[in-house]
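This is what each chain is made of:
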Amino acid sequence: MSNITIKDIAMMAGVSYATVSRALSGSPEVSESTRERILALCQHVGYTPNVIARSMIKKNTFSIGMILPDISNPFFSEIALYAEECANANGYNIFICNSHRDPEKEQNYFQLLASRQVDGIIFHPSSASYAQREYINRMPTVILGDNLGAVAQNIVHFDNRKGAYLGTRHLIELGHRDIALLAIKRNSISHNIRLEGFLSAIQEAGVHYRVLDSPYSNSSIEHGYEIAKKFFMEEKKLPTAVFAITDTMALGVIKAADEVGIRIPDDISLIGYDNITYSSLPKIMLTTVETPKKQLGEEAVNLLIDVIQHKEERREMQEIVLQPSLMERETCKKIAPQP
């Protein structure tokens, strides 16, 4: 049965050639029951669509690229997973590349993906300078991350400023008047926007704060541990609460606190940011700011496919802003306001 064609599948299924074609491409014009029946039949007889022929006819490869900083970070791995599921459901394959926040690698991956003739790219840039790079506009591209406002782009992002404001307000409402933010990468777009939200809530309430900087290029558990342990060991008067800039950093704070005998939340309250999978584990139960990762991945893919399908048209750039929310768990404690 190796020479089975799409016309043979149509005859076996008792439908038209066009119906089989639409079912295989994920067209909404075909009912779910018909699509499932056709796909089951294809699997039974061992029929695989000729992707190369299909791409020559439609001038598409039905593949997209995704350039992320580092999928070893649970935040980005979750986004990649949801994006891949959404792409597959729409008949597209996805190629994922890790830039490690290196602008040169970003450009090299753009060129590599273009040489593989992907139909478009989802891109999480390492810095604000991405908007000035020529290669960005050579194919349909959706930016994944904070909107810099400098150049109009198709972009999907969440409100980082509001998220940090919500988290900080939560600590203030629990009675905390001395809060540390741990730890800012000064060259990070998202970190600086989160810092703005943090300071906005701090200034409204007029409470004491400190901002710890991070010398590292990424926000890992180990780096959070190293920064937090140094802070706990050297600081004479510890804050009553710590706002970790990411959940991975917060997990490092938990490890450091345990080593030096600081109890969370009895001695220090802790809040994270991102709501990664590990945050809800029974012995962690981290209070955190939820960023809608599933929606982020799906919206980016859907917007890119829309741009690909209408690339011959002159259309306004689209900006999609997703809203954060607070996930209250067990690492924050209400305290009596300090004098």
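Look up: the structure comes first, before these words.
Residues numbered from 1 in each chain as written. Predicted model: local features only at pLDDT ≥ 70, side-chain atom pairs only at ≥ 80, totals over all residues. Heavy atoms only, no water.

Asks: How do you make sense of unusual backbone geometry when you look at a structure like this?
Replies: Glycine aside, a negative phi is what most residues show, and trans is what most peptide bonds show. A cis amide bond, omega -5°, links Leu182 with the succeeding residue Ala183. Following the sequence through the fold, Ala183 ends up in strand β6 (residues 178-184). Cis rather than trans, the peptide bond between Ile264 and Pro265 has omega equal to 10°. One non-glycine residue, Arg101, lies in the positive phi region at around 55°. Mapped onto the elements, Arg101 comes out in the loop between β2 (93-98) and α6 (103-115). Given a relative accessible area of 29%, Arg101 falls into the partly exposed group. (Helix = DSSP H or I, 4+ residues; strand = E, 2+ residues; numbered from the N terminus. Buried < 20%, exposed > 50% of the residue type's maximum accessible area, 1.4 Å probe, protein only.)

Asks: Quick question: what am I supposed to make of the pattern of salt bridges here?
Replies: Opposite charge on two side chains permits pairing when their charged atoms draw close. In this structure the tally under the stated criterion is 16 salt bridges. Among the charged side chains, a salt-bridge network with shared partners connects Asp178, Arg210, Glu235 and Lys237. (Salt bridge = Lys/Arg side-chain N within 4 Å of Asp/Glu carboxyl O.)

Asks: What is the right way to look at the nonpolar core in this model?
Replies: As a rule of thumb, nonpolar side chains are buried together in soluble globular proteins. Ranked by size, the top nonpolar core spans 39 residues in total, and within it Leu182, Phe232 and Phe243 carry the most contacts. Secondary-structure elements contributing two or more residues to this core are α7 (160-173), β6, α8 (189-205), α9 (221-234), β8 (241-244), α10 (247-260) and β9 (269-274). Considering every element that reaches this core, the biggest residue donor is β6, with 6 residues. Excluding residues within four positions of it along the chain, Leu182 makes contact with Leu212, Gly224, Ile227, Ala228, Val242, Phe243, Ala244, Ile245, Met249 and Val253. Membership of the second largest hydrophobic core comes to 29 residues, among which are Ile64, Ala83, Cys86 and Val156. (Core = buried A, V, L, I, M, F, W, Y, C linked by side-chain atoms within 4.5 Å. Contact = heavy atoms within 4.5 Å.)

Asks: Which parts of the structure should I look at to understand the packing of helix α1 (residues 6-13) against helix α3 (residues 32-45)?
Replies: Helix packing for two helices is described by the angle between their axes and how far apart those axes are. Between α1 and α3, the least distance of the axes is 10 Å, while the angle of their chain directions is 120°. Classed by the angle they form, the pair α1 and α3 counts as oblique. Judged by the sense of rotation from one axis to the other, the crossing of α1 with α3 is right-handed. The residues of α3 that touch α1, namely those facing Ile9, Met12 and Ala13, are Arg37, Ile38, Leu41, Cys42 and Val45. The residue inventory of the contact of α1 with α3, partitioned by class, reads 7 nonpolar, no polar and 1 charged. (Axes fitted to C-alpha atoms, helices over the stretch in contact; angles between N-to-C directions. Parallel < 35°, antiparallel > 145°, perpendicular 65-115°, else oblique. Left-handed = near helix turned anticlockwise from the far one by under 90°. Nonpolar A, V, L, I, M, F, W, Y, C, P; charged D, E, K, R; others polar.)

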